[in-house]
Amino acid sequence: MEDRNIDTESGERDRFTYHGGDLGAARAAFPDAPAPWIDLSTGINPVPYPLPSLDPAAWTGLPDAGAARALEAAAARAYGAEAAGTVAAPGTEALIQWLPRLFPARRVGVLGFTYGDHARAWQATGATVETVDTLAALAGFDAAVVVNPNNPDGRLVAPADLAALARHVGLLVVDEAFADVVAPCWSHAPAPPPNAVVLRSFGKFYGLAGLRLGFAVAPPERAAALRAALGPWAVSGPAIAVGRAALADDAWAASARARLARDAARLDGLLTARGATVVGGTSLFRLAEVDDADPWFRRLAVRGILTRPFAEHPRRLRFGLPGDEAAWHRLDDALGPLGTPVGPAMGRGPAAAAGSF
């Protein structure tokens with residue numbers, strides 16, 4: 001999954017397995033694809049929270065400490081957590097990078113197959129990282145990482161099972177980046193164990209990933225360590241203002257969850273009608289299995305639609321949701337006639353013509 005070489009056909013595709021959202025690489029690999037590209041390679045809500053009008057001071061002044069505390073209180077209310085243990089950060093990715101430096105560990109277990117930056121962040125600090133297949137196999141590690149619901153297959157682990165695991169590891173990291181679209185009973189944020197840190201993404205559910213906002217929920221001592229590491233003004237004034245408005249808007253959140261569920265079912269229908277098997281996901285993304293995902297990836301890419309392949313799972317593709325009817329129709333047309341399995345793109349696609357696929 002981490003091979004980023006571009007010397008071979010598999011290496012060319014591997015550039016898209018490192019992270020979703022790399023439209024620059026897609027444009028370079030498929031220069032003749034129609035614009036605008038439809039990015040289905042991420043799990044970001046394609047219908048974002050409507051941006052409120054912002055006071056110009058949000059842009060020109062240093063972020064207000066009182067407003068930042070109010071943002072954390074709004075997040076705590078939304079997640080059922082304690083405000084004192086809720087820490088705002090410039091995205092959960094920043095927290096993923098900070099955790100190994102604040103809470104060092106020699107042996108780290110990651111419940112896989114999952115988001116790769118957790119392992120990379122710990123490895124960067126010299127830790128030995130092992131990916132395991134079962135929750136029980138995480139017992140005994142200095143630190144354990146569980147993505148819940150999991151990316152890319154949507155696997156869920158009950159909070160009671162995570163609490164039991166916490167008694168057998170040094171540090172428990174629970175990444176709840178996609179937890180906004182599952183029932184609150186699955187979240188560990190309301191009562192994290194003393195040795196746990198829960199990560200919550202803002203940008204994915206609210207569709208504002210470019211805002212760079214996320215939260216950690218932890219017992220007060222660990223939360224204080226994270227705040228100190230992030231330093232003053234960790235979150236921008238606009239992010240504070242937008243985050244406070246969005247997190248307080250329960251009506252929008254309920255409507256978004258209902259729409260995402262409908263759209264996820266619609267996407268399942270499109271994929272299964274072309275011979276794919278939907279093997280998991282959440283209502284923000286779907287994981288499909290086919291005989292060979294490479295022809296699917298290429299067929300869609302030459303038509304300006306980017307999906308997410310997995311080098312370690314060549315039969316799987318992850319699909320985000322189209323954002324409007326025009327995008328739905330383009331995806332439908334790109335997949336081909338109903339009842340017809342998706343094969344390679346007809347003719348020589350732009351990447352093939354360039355010798356890269």
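It should be noted that the structure appears before, not after, this text.
In this text, all values refer to a predicted model and were calculated from it rather than measured experimentally.

Conventions used here
Residues numbered from 1 in each chain as written. Predicted model: local features only at pLDDT ≥ 70, side-chain atom pairs only at ≥ 80, totals over all residues. Heavy atoms only, no water. Buried < 20%, exposed > 50% of the residue type's maximum accessible area, 1.4 Å probe, protein only. Helix = DSSP H or I, 4+ residues; strand = E, 2+ residues; numbered from the N terminus. Contact = heavy atoms within 4.5 Å. Pairing = 2+ DSSP bridges. Axes fitted to C-alpha atoms, helices over the stretch in contact; angles between N-to-C directions. Left-handed = near helix turned anticlockwise from the far one by under 90°. Phe/Tyr/Trp six-rings, centres within 6.5 Å; stacked < 30°, edge-to-face > 60°. Lys NZ or Arg CZ within 6 Å of the ring centre and 35° of its normal.

### Considering helix α5 (residues 92-102)
Regarding α5, the residues found buried are T92, A94, L95, I96, L99 and P100. Summarising the contacts, the buried residues of α5 are in contact with β2 (86-89), α6 (117-124), β6 (171-175), β7 (196-201), β8 (214-217) and α9 (220-230).

### Digging into the pairing of β6
Most of β6 is tucked away: five of the five residues are buried. Where burial is concerned, the two faces of β6 agree: the one with L171, V173 and D175 and the one with L172 and V174 are both buried. As judged from the five bridges shared by strand β5 (residues 143-147) and β6, these two strands associate in the parallel manner. Bridged to A143 within β6 is L171. The sheet contact formed by β6 and β7 spans four bridges and is parallel. Its bridge partner lying in β7, V174 is registered against V198.

### Here we look at the packing of α5 against α6
Orientation of α5 relative to α6, taken along the N-to-C sense of each, is 35°, at an axis distance of 8 Å. In this structure, α5 meets α6 at a crossing whose hand is right-handed. Taking contact as the criterion, the partners of E93, I96, Q97, L99, P100 and R101 in α5 are, on α6, D117, H118, A121, W122 and A124.

### Points about the packing of aromatic side chains
For the structure shown, the criterion picks out eleven aromatic pairs. For the pair F178 and F285, a centre-to-centre distance of 4.8 Å together with 75° between the ring planes defines the contact as edge-to-face. One end of the pair, F178, is in the loop between β6 and β7; the other, F285, is in strand β10 (residues 285-289), with 107 residues separating them in the sequence. When sorted by exposure, F178 lands in the same class as F285, which is buried. Here the basic side chain of R222 rests over the ring of F103, its NZ or CZ set 4.9 Å away from the ring centre.

### Some points on the environment of G109
Position of G109 relative to the elements: it lies in strand β3 (residues 107-111). Residue class for G109 comes out buried when judged on its relative accessible area of 0%. The spacing of G109 and T128 is 19 residues in sequence and 8.6 Å in space, taken between C-alpha atoms.

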